[in-house]
Amino acid sequence: MLFSELYSAYYNTVAAIISAAFSPDVSEKELMGYIREEAFSESVLTILPSLKSGKWPLLNDDLTPKLSNAPSMPLTNLQKKWLKAISLDPRVKLFGVDFPELSDTEPLFTSEDYRIYDRYADGDPFEDEGYIKHFRMMLYAIKNKRAVKVSMLNKRGKRVCVKFIPTGFEYSEKDDKIRIVATGCKYRHFNLARIKSCSCLGEDYHLEVVPKEDIKKEVTLIITDERNALERVMLHFAHLEKQAEKIDENRYLLRMKYYEGDETEMVIRVLSFGPNVQVTAPEDFKALIKQRLTMQKSCGLR
Amino acid sequence: MAYSELIKNFEKIRAYMREFYVYGFRSRTEFASKSTRSYDDERRRIESWLGDYMRFTQTAEGKNVFLSVDSRTTKHNPLYKALKAKSFTDGDITLHFAIFDLLSSPEIEMTLGELIDGIDRLLCSAISFDESTLRKKLKEYTEEGIIQTRKQGRKVLYSRSCDTDISSLSDVIDFSSEVLPCGVIGSFLSDKLEKHESLSSFKHHYITHAIDSDITATLFDAISSRRYITIKNAGKNVPEARTIRLVPLKILISVQNGRQNLIAYHEKANRLNSYRLDYISDVKIEEQVCERFDLLRKRLAKAEAHMWGVNCRLNPRHTEHVEFDIRINGDEQFIVNRLEREKRCGRVEKLDDFNYRYVADVFDINEMIPWIRTFICRITRVSFSDRRLEKKFIKDIKKMYDMYDVGGGDENAVQ
């Protein structure tokens, strides 16, 4: 139902080419540019040649369109049903936009039809008035490139005041929390839910500080494929940049990159696989695992 | 047939995509079940769609191909591109643009004959379409909702559906495409918008579900219409897919490994079962509506109170008991907070200022064990009703002591 040429890169590219071809000065090189931008790496071998040869007789010999109008297509039922479904989500409502009239459309899914079963329970209060106000203030500041002054609770629960330039939102599906991506101050991220009050600073307000770079580190593991460990590990770490290789019949080597700030979380995640995963490098990561195991030894577990 | 970067059937490429993205260590010769020609074609296609993410390594077994994506820095799921590679005929694409050019606004209505003549004139007779081809295409487009029909006497008039303005939705479409089910549809919508920079990025972001989007959308369709379905279900160790008839009830999604499971009622076996979406193919929605749908949903809701993961039973009394205790220091309240926010069922009990207990009754303790291990360094007691699993849990920890030379891995030394 969803894998259809109506949504294909080729149809979109041809639409873009025909629209551009209405302009009298457009060159063949420019039309090729649309293919590189909209389609796939080998599409240049097909799209323009098919249009030029008359296989797809939509352009004249001089590359002007045979059509009278720039191509457009109404939304499909599937697209409308998905729009209706997302319009019901409280996170989407944060953006404060009006959806088009879809009263005769049934949603593709509702919150009754699916459940995220391993999301943490202390997610952000997406329907809280104060939270919504802060989100929209940040949205305004991001779009208008404005610095903000924020009063918030830090990790220790102490009220602090900071100034920064918000540049985007980062949402964690596992934590169900939104963080503001920032520049102009030494911290790169701020939890939106910790904000108590915020205001935009003047248009000419500049903040020159550059946040400390989030350093990427690498860890190497050996996976012993027992109890389906290989698949579980590979899926669990699928969101990271990684490279795997087979060592022997049931052992695999996995190198993964992670952000230094997430190191404790990575240690915990590696431990969750028990003896089926062994860290082989670097030594400092190994030491963190060892430290936890040494502490565990003193817990009297029998 | 000559190679093309477009494909007719997405099912063929699903396994390759998953293999290259999730695993990526198999060489060409290890794709034993596939022909080398097929491997070469599919690899070339994926490279054409996702070349920026494709990596290669040379091993003793040959060249390995894999996809490497840091989804925290990629604002749009790159795997969606694969779902934009559907093949079509020369007639399909020509007709598509010609029909919507003639029906350029919703007010224009034309009969089949008028459309045929109009297309002929528009294309200067470069290609001619017969009535049957055009009628079939219009029927298809009517089902998709992009063409409308109206009867005037004996004549059927065709017009384009009204346009929907989505120009103000770019931010929500960017966000929802990555976070909500069937996000690829958002990506299709995004393709219709002006080019813009997404404001949203994502952490702990799993993207593999993209390749199962068609299955997911069909299942949602069946769930909302409360209909029976038949599916082909394979498995890791079941290469030959079996056809089964089910009542689909709910889709369970993991944000800690990206897996999606269908929870469905297997009428013949009178069981609630869980089916991984990546093992499902060929979903067919039947005409028959399940009259017991609401009742089954209620029974599932009761069962959900005992589900740690995706394993479920109709009878909520068929559970296993789990308890484990942890020790914290005075300044480690955040560990108790972790227990509270990460538990999916059960309860946390305070034993004293430094000791806490987690208690639950679940269908499958195995699903919970990885989570319990995340508390290694402070677990003081475990008690499972399944003693075999309890022993295994403790034995595994001892094995880890040995693996990391912590000492004391042997039975007697652990205290």
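No experiment lies behind these values; they were computed from the predicted model shown. (Residues numbered from 1 in each chain as written. Chains lettered and ligands numbered in written order. Predicted model: local features only at pLDDT ≥ 70, side-chain atom pairs only at ≥ 80, totals over all residues.)

Q: What's the story with the interface of chain B and chain A in this structure? I'm lost.
A: Where interface size is quoted, it is often the accessible area lost as the parts come together. Listed as interface residues are 117 residues of chain B and, on the opposing side, 101 residues of chain A. Looking at the side of chain B that touches chain A residue by residue, the classes come out as 56 nonpolar, 33 polar and 28 charged. Direction of pairing for strand β3 (residues 159-172) of chain A relative to strand β5 (residues 200-203) of chain B: parallel, over a ladder of four bridges. Pairing of A:Phe169 across the sheet is with B:Ser200, part of β5(B). (Contact = placed C-beta atoms within 7 Å. Nonpolar A, V, L, I, M, F, W, Y, C, P; charged D, E, K, R; others polar. Pairing = 2+ DSSP bridges. Helix = DSSP H or I, 4+ residues; strand = E, 2+ residues; numbered from the N terminus.)

Q: Any chance you could explain the confidence of the model for chain A here in plain terms?
A: Low pLDDT means the predicted atomic positions in that stretch should not be read closely. Taken over all residues, the pLDDT of chain A has a mean of 94, while the share at 70 or more is 100%. At the level of individual helices and strands, chain A shows its lowest average pLDDT in strand β8 (residues 242-248) of chain A, which scores 91, and its highest in helix α4 (residues 77-87) of chain A, which scores 98. (pLDDT = per-residue confidence, 0-100.)

Q: It is not clear to me how the sheet that holds strand β9 (residues 251-259) of chain A should be interpreted in this structure. Could you clarify?
A: Two strands in a sheet stick together by hydrogen bonds in their backbones, pointing the same way (parallel) or opposite ways (antiparallel). Residues and elements named next belong to chain A. With respect to topology, four strands assemble into an open sheet ordered β8-β9-β7-β10, the strand pairing being antiparallel. The outermost strands of the open sheet, each flanked by one partner alone, are β8 and β10 (277-281). For this sheet the average axis-to-axis angle between neighbouring strands, irrespective of direction, equals 30°. As paired elements, strand β7 (residues 216-224) and β9 share nine bridges and run antiparallel to each other. (Axes fitted to C-alpha atoms, helices over the stretch in contact; angles between N-to-C directions.)

Q: Sorry if this is basic, but what is going on with the nonpolar core here?
A: Proteins that are soluble and globular tend to have nonpolar side chains buried together. In this structure, A:Val14 and A:Val270 are the most contacted members of the largest nonpolar core, which totals 194 residues. With nine residues, the top contributor of residues to this core is helix α1 (residues 9-21) of chain A. (Core = buried A, V, L, I, M, F, W, Y, C linked by C-beta atoms within 7 Å. Buried ≥ 20, exposed ≤ 12 C-beta atoms within 10 Å, placed from the backbone.)

Q: Any chance you could explain the sheet that holds strand β11 (residues 320-327) of chain B here in plain terms?
A: Residue and element names in this part refer to chain B. The antiparallel open sheet is built from four strands, whose spatial order is β12-β13-β11-β14. Pairing within the sheet leaves two strands with one partner each, and these edge strands are β12 (347-352) and β14 (379-384). Each neighbouring strand pair of the sheet contributes to a mean axis angle of 15°, computed without reference to strand direction. Bridge analysis of β12 against strand β13 (residues 355-362) gives five bridges, and the strand direction is antiparallel. Residue pairing in the sheet places Val348 in a bridge with Tyr358 of β13.

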